[in-house]
Amino acid sequence: MFGNLDLSVVTASLPYLFAEGMVFTLTLTALAASGGIVLGTGLALLRLSGVPGLTHAAKLYVELMRSLPLVLVIFWFYFLVPYLGAWATGSPTPLPVGAFASALITFTLFEAAYFAEIVRAGIQSIPKGQSAAAQALGMSYAQTMRLVVLPQAFRNMVPLLLTQTIVLFQDTSLVYVLSLTDFLGAASKVAQRDGRLVEMYLFAALVYFAVCFTASLLVRRLQARTAIVR
Amino acid sequence: MNYHWNWGIFLEPSPEGAGTYADMLLSGLAWTLATALCSWVIAFCLGSLVGVMRTVPSRAANAVGAAYVELFRNVPLLVQMFLWYFVLPELLPAGLGAAVKQMPDAPFYTAVLCLGFFTAARVAEQVRAGIRSLPRGQAQAGTALGLTLAQTYRHVLLPNAYRIILPPLTSEFLNNLKNTSVALTIGLLELTARARAMQEFSFQVFEAFTAATILYVAVNLVVIAAATLLERRAAVPGGR
Amino acid sequence: MRLTDVLLLVALAAAAATPARAQDLTGTLKKVKETGALTIGTRDASVPFSYLDGNQRSVGYAYEICLKVADAVKAHLKLDKLEVRLNPVTSATRIPLIANGTIDLECGSTTNNADRQRQAAFTNTHFLTATRFVAKKEKGLDKTDDLKGRTVVSTSGTTNIRQINEINAARGLGMRILPAKDHAEGFLMMETGRADAFVMDDVLLAALVAGSKTPEAYAISSEAQSRPEPYGIMLRKDDAPFKAVVDAATAALYKSPEGPALYEKWFTQAIPPRGINLKLPMSEAMRKAFANPSDSADPAAY
């Protein structure tokens, strides 16, 4: 049943698939994960701040993002971001935002909601006594978080944050719906041009599997090591 | 912002001739729900089976269960969707492949299978975690009562495990519901696809997406409310 | 790399905060003057209008017209250098992306009709084409009514999918209509048997058939599902100064010998990536459209 596979289609397009597609995917993943973790931490801190307006706003944002399909959010932002940019800068015409920047903004804002929940759980896992002790020492909320709670929380959270980053890596494939050239987009453009869907999609699946499986093994090893320290 | 808002658009007839744009979105919602529910049945049954396999005292079963989970967790859902839709029929014997492809509503059946198998891997992890979290004494008590392994799982371990993992299962159910939108890439006319079609036909981008957003949020709220009720009813009296 | 996009975004935000220099310009021209860049929306598989060649680079008839327009914009604004950026679009995303400023010109196979003119502007017509469908010869499908009860596919966001939906409703044909993301995917769904027919502009169908592995296996319907409609390059609505520059550039191109030469190059000669020849010499209507450039959306005007 695999007799008539034509692997030359795959080998001929390797430079395009990796130099263009995979670089797009990895850059998007790395930048969106960094941005998402920073923004997510901010959201988690707001949500735990106890300030009524802020807590609710952060909660509303996180819950809204988490109840929407990523595909819908991708469309929303692709069409909406230029208007938001115009509004933010006071420009009378929509601000041109490139496809990559638009995807980056989308994934950062979307994944921040998921990272926020991980960070929130991480912060809550630190015994209350510690922040009480820090406050007894005269530290402010910001100092308590920065010097006492967050360093420990992040140590516990690293495996979860990395696992979520692997999910993000897989999710970036959805930019396919915008015809952008990420790894899957590149594979499907070649597949459709040459009518070689079977070879290209199997190859794409294999590459994603190899990357994600290896990464998740590494995360598990890291988890085992940090677990002992804890 | 030079965008022409037109909230009355939902009551205008769609060019498909089958009612208004509102009807179009509601038919999308119906497909979303049908796909989510059917695939959940597969995910729940298969996921429970795989989860159990990972906890039974058999190395072979453990390995098969682990392999299943790794395989379906480490390939993006969209790629899996393409494998089921574009690749699988080509690998089947020609006659069968053609029959599969000409099935009416092929995108629906494909999406149900794909999501079912995908979500099963996630359900399996929850079921395994649930069973693992039970005290060992429960399984031993089952054996001491003369129950077979299957009976122990059926009557002792699984009912307790399901109670514990009800909250994470709810969130997997919601994930599965959201993931149905990925099937728009294989032509399933679910809610996101219909919102897009409405945008294409009417050019009212933001109205269409706002309506879809509200529908998704509403479905989420209903599911969460139902899960809370279920949790209360299923709680072991006096437990915790 | 695309990291530059991010940097550009930051730079733009900064630029927007400072007072604009080119006070007399408005809209797209002002933007181009300020950023030194023009963004063209390109297609993956609108052969031979705008598509990716063997090296995954954009090529095509409409794409080349857009490059000429870019030159004209550069000359009009007296710029030393104009960066032409490419942004892939699909049939479904092109109109919102024109409206929201992501792209400035859409170069492909976009039908100019009255409905769309309320969302975007079109420059002079560069092609005329009607809606038809392609199916495997063995299925013997040739007329619209042959599609009764069949599964057909069309590209989402096109006029074609709208027309076939309307025909389906009006004549009660009971077709199942699947949306495809782009033309290549639509053709593939017909080729692999997912759908019985692919409904699209006839010129695109001809190009897809010619580029397929077995061109002799497919037949394009003899009955058309629409009158020949004009294709135009799309730009933002209510931007008269920019439209004037683009209209002048395309009119000059079409009337000069260069216009028909460009047509010959893409429709009567071997084109990349596989050297197929579409063999579609200029029709009488097309000759007239080039002699008297028009941006009319009315099929009767051609």
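Counting from 1, residues in each chain are numbered in the order their sequence is written. Chains and ligands are labelled sequentially in the order written, the chains with letters from A and the ligands with numbers from 1. Per-residue local features of the predicted model are confined to residues with pLDDT of at least 70, and side-chain atom pairs are confined, for both listing and counting, to 80 or more; whole-chain, interface and lining totals are unaffected and use all residues.

Quick look at the overall build of chain B now. Per the convention used, a helix needs a DSSP run of H or I reaching at least four residues, while a strand needs a run of E reaching at least two, with both numbered from the N terminus. Looking only at helices and strands, chain B has ten helices and zero strands in total. Put simply, chain B has 240 residues, and 43% of those count as buried. Note on contacts: residues are paired as contacts if their backbone-placed C-beta atoms lie within 7 Å. Looking at chain B alone, contacts between residues at least 24 apart form 75% of all its contacts between residues at least 6 apart. Here the C-beta atoms are placed from the backbone, and a residue counts as buried if at least 20 other C-beta atoms lie within 10 Å of its own, exposed if 12 or fewer do, and partly exposed otherwise.

Helix and strand counts for chain C come out as eleven helices and 17 strands. Atoms counted for the radius of gyration: C-alpha only. Globule rule: 2.2 Å times residue count to the power 0.38. For a compact globule of 302 residues, the expected C-alpha radius of gyration is about 19 Å, and chain C comes in at 20 Å, within 12% of that figure. Reported as C-alpha extents along the three principal axes, the dimensions of chain C are approximately 65 × 40 × 40 Å. The burial tally for chain C puts 51% of its 302 residues in the buried class. Long-range contacts, defined here as pairs at least 24 residues apart, represent 75% of the contacts in chain C between residues at least 6 apart.

In this section: the interface of chain B and chain C. Between chain B and chain C, the contact holds 18 residues from the first and 18 residues from the second. Of the residues forming the side of chain B that touches chain C, the biggest block, five residues, is contributed by helix 9 (residues 191–202) of chain B. The residue classification treats Ala, Val, Leu, Ile, Met, Phe, Trp, Tyr, Cys and Pro as nonpolar and Asp, Glu, Lys and Arg as charged. All others, Gly included, are polar. Considered class by class, the residues forming the side of chain B that touches chain C number ten nonpolar, four polar and four charged.

Residue and element names in this part refer to chain C. By this definition, two strands are paired if DSSP reports at least two bridges between them. Reading across the sheet, the three strands line up as 2-3-4 and stay open at both edges, with antiparallel pairing between neighbours. With one partner strand each, in any of the chains shown, strand 2 (45–46) and strand 4 (58–59) form the two edges of the open sheet. With two bridges joining them, strand 2 and strand 3 (residues 50–52) adopt antiparallel strand pairing. Bridging from a neighbouring strand, Ser46 pairs with Ser50 of strand 3.

What follows deals with the interface of chain A and chain B. By a frequent convention, interface size equals the accessible area lost on bringing the separate parts together. At the junction of the two partners, chain A supplies 29 residues and chain B supplies 27 residues. Mapped by element, the contributors of at least two residues to the side of chain A that touches chain B are helix 4 (70–89) and helix 9 (197–229) of chain A. Across the side of chain A that touches chain B, the residue classes tally to 25 nonpolar, four polar and no charged.

Below, the discussion takes up the environment of Leu11(B). All names here are of chain B. Following the sequence through the fold, Leu11 ends up in the segment before helix 1 (21–53). Each C-alpha atom, one on Leu11 and one on Phe108, is 27 Å from the other, the two residues being 97 residues apart in sequence. Each residue touching Leu11, except ones within four places of it in the same chain, is listed here: Thr20 and Ala22.

Throughout this description, the term nonpolar core refers to a group of buried Ala, Val, Leu, Ile, Met, Phe, Trp, Tyr and Cys residues whose C-beta atoms join them within 7 Å. Among the nonpolar cores identified, the biggest contains 215 residues, and Ile74(A), Ala187(A), Tyr201(A), Ala204(A), Ala197(C) and Phe198(C) are the most heavily contacted of them. Of the residues forming this core, the biggest block, 15 residues, is contributed by helix 5 (residues 99–124) of chain A. Apart from residues no more than four positions distant in its own chain, Tyr201(A) is found in contact with Ala187(A), Ala191(A), Val79(B), Phe82(B), Leu83(B), Phe86(B) and Val87(B).

Glancing now at unusual backbone geometry. In this model, Val47(C) is joined to Pro48(C) through a cis peptide bond whose omega is -5 degrees. Mapping Pro48(C) onto the fold places it in the loop between strand 2 and strand 3. Look at the link from Pro272(C) to Pro273(C): it is a cis peptide, with omega at 0 degrees. Turning to its location among the elements, Pro273(C) is positioned in the loop between strand 16 (270–271) and strand 17 (276–277). Unusually for a residue other than glycine, Ser179(A) sits at a positive phi of about 70 degrees. Along the chain, the position of Ser179(A) falls in the loop between helix 7 (141–171) and helix 8 (183–194). One non-glycine residue, Asp105(B), lies in positive phi territory at about 60 degrees. Of note, Asp105(B) is situated in the loop between helix 4 (94–102) and helix 5 (106–133). Of the residues examined, Asp105(B) has 15 C-beta atoms within 10 Å and is grouped as partly exposed.

Residue and element names in this part refer to chain C. For every residue, the predictor states its confidence as a pLDDT score lying anywhere from 0 to 100. Confidence along chain C averages 90 in pLDDT terms, with 92% of residues attaining 70 or more. Segment residues 10–22 is flagged for pLDDT under 50; beyond a separation of four residues in sequence, or across chains, it makes eleven contacts in the model. Here the prediction assigns the complex a pTM of 0.89, and the interface score ipTM is 0.93.

All right, on to the sheet that holds strand 15 (residues 234–235) of chain C then. All names here are of chain C. Ordered in space as 5-1-6-15-7, the five strands form an open sheet in which the pairing is mixed. In this open sheet, the two strands that pair with only one neighbour each are strand 5 (83–88) and strand 7 (121–122). Here six bridges tie strand 1 (residues 37–42) to strand 5, and the two strands are oriented parallel to one another. Paired with Thr39 across the bridge in strand 5 is Arg85. Lying on the sheet, helix 3 (residues 61–76) is in contact with strand 1, strand 5 and strand 6 (105–106); it crosses strand 1 at an angle near 165 degrees. Throughout, an axis means a line fitted to C-alpha atoms (over the contacting stretch in the case of helices), and angles, computed between N-to-C directions, take values from 0 to 180 degrees.

So, about the packing of helix 9 of chain B against helix 10 (residues 205–234) of chain B. Residue and element names in this part refer to chain B. Running from amino to carboxyl end, helix 9 crosses helix 10 at an angle of 160 degrees, the nearest separation of the two axes being 8 Å. In terms of axis orientation, helix 9 runs roughly antiparallel to helix 10. Between helix 9 and helix 10 lies a crossing whose hand is right-handed. Residues Leu191, Thr192, Ala195, Met198 and Gln199 of helix 9 lie in contact with helix 10, whose contacting residues are Val205, Ala208, Phe209, Ala211, Ala212 and Leu215. Should an angle fall under 35 degrees it is taken as roughly parallel, and over 145 as roughly antiparallel, whereas 65 to 115 is taken as roughly perpendicular and any remaining angle as oblique. Crossings are sorted by hand: turned counterclockwise from the far helix by less than a right angle, the near helix makes the crossing left-handed, and turned clockwise it makes it right-handed.

Attention now goes to the packing of helix 2 (residues 27–35) of chain C against helix 9 (residues 240–255) of chain C. Residues and elements named next belong to chain C. Relative to each other, helix 2 and helix 9 sit at 80 degrees, their axes nearing to 5 Å. When the axes of helix 2 and helix 9 are compared, the pair comes out roughly perpendicular. Here Gly27, Thr28 and Leu29 of helix 2 come into contact with helix 9, specifically with Pro241, Phe242 and Val245. Here the contact of helix 2 with helix 9 is composed, by residue class, of four nonpolar, two polar and no charged.

Here we come to the pairing of strand 11 (residues 176–180) of chain C. Residue and element names in this part refer to chain C. The buried fraction of strand 11 is high, at four of five residues. Pairing geometry for strand 10 (residues 151–155) and strand 11, over five bridges, is parallel. When the bridges of strand 11 are listed, Val153 appears paired with Leu178. Handedness of the strand 10-helix 6 (residues 159–171)-strand 11 crossover: right-handed. By convention a crossover is right-handed if, when the strands point away from the viewer, the path from the first strand over the helix to the second runs clockwise.

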